[in-house]
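# Chain and residue survey
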Amino acid sequence: FFVEGGMGAEFKGVNSFADPDPVNPNNPMTEIQPITYDARSQLSFMKVTPTLAYRFELPKGFALSIGVAGNLGASKLEFSHSGFPMPEADGDFMNAAHKVTFDSDYAFVWGLRAGILLEMLDGMFGLGVMYAMQSSLPYSGTTTIDTANVYSAEVKDFSWPSEIGVGISARPLPGLLLGVDYR
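First, a word on scope: everything that follows refers to the structure included in this document. This is a predicted model, so every value here is computed, not measured.

Turning our attention to the pairing of strand β11 (residues 176-182). Of all seven residues that make up β11, zero are buried, and the element is exposed over most of its length. For strand β10 (residues 163-173) and β11, the ladder comprises six bridges, and the chain directions are antiparallel. Paired with L173 across the bridge in β11 is L176. Linking two consecutive strands that pair antiparallel, namely β10 and β11, is a turn of two residues; a positive phi of about 85 degrees is found at G175 within it.

The structure is reproduced here in structure tokens:
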């Protein structure tokens, strides 16, 4: 079990401008208005990776290793914005800043990763390739507007992409392994 990654950002006191009302953009009451807001996002991803691997010893200093790993992941997504401009229902065509938050339940995902490593000259050189399948995360949770209006919400089409990689390695000295990979 390990943390695969996480990312997020927090911005406090951002100065910006609210857009004019799209329903009536020529109304002088709806001109661009200055606003100050806070914004925060947080994405976390944890996974368990059971792995099977086997190394075949080949003649003349060659070896072939094959591995397959299952990726079982859990992820959570949060977002908040305290100055999201939206038209008001009072008919004055003025946009007002509203606090909008999204808090997902945990999304669960599975995937596979496989790789092959060919070692040559008793491990002095290596060539490897790997593939990881795409993992789509079905986030669902609640969106809250101004702490009073709560809605069910989903985030669609969010995924970790599939990945293909190739790498080479060299061991110029005992205990020193140099490698380069491209994904």
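Next up on the list: the nonpolar core. Grouped together as the largest cluster of nonpolar side chains are nine residues: L43, F45, L77, F102, A107, V109, L137, Y139 and A153. Taken together, the elements giving at least two residues each to this core come down to β2 (33-48), β6 (107-120) and β8 (135-145). Contact partners of L137, with chain neighbours within four places excluded, come to F45, S75, A107, V109, V155, F158, S159 and W160.

Bringing a nonpolar patch on the surface into the picture now. Taken together, Y54, F56, L58, F62, I66, I116, L127, V129, V166, I168, V180 and Y182 make up a surface patch of nonpolar side chains, about 1,100 Å² in accessible area. Those elements that provide at least two residues to the nonpolar patch are β3 (51-57), β7 (125-132), β10 and β11. Position of L58 relative to the elements: it lies in the loop between β3 and β4 (63-87). With a relative accessible area of 36%, L58 lands in the partly exposed category.

So, how was this worked out
- Residues numbered from 1 in each chain as written.
- Predicted model: local features only at pLDDT ≥ 70, side-chain atom pairs only at ≥ 80, totals over all residues.
- Heavy atoms only, no water.
- Buried < 20%, exposed > 50% of the residue type's maximum accessible area, 1.4 Å probe, protein only.
- Helix = DSSP H or I, 4+ residues; strand = E, 2+ residues; numbered from the N terminus.
- Pairing = 2+ DSSP bridges.
- Core = buried A, V, L, I, M, F, W, Y, C linked by side-chain atoms within 4.5 Å.
- Contact = heavy atoms within 4.5 Å.
- Patch = residues over 30% accessible without salt bridge, like charges linked within 9 Å, V, L, I, M, F, W, Y side chains within 5 Å.
- Areas by Shrake-Rupley, 256 points an atom, 1.4 Å probe, with all protein chains shown as cover.
- Salt bridge = Lys/Arg side-chain N within 4 Å of Asp/Glu carboxyl O.

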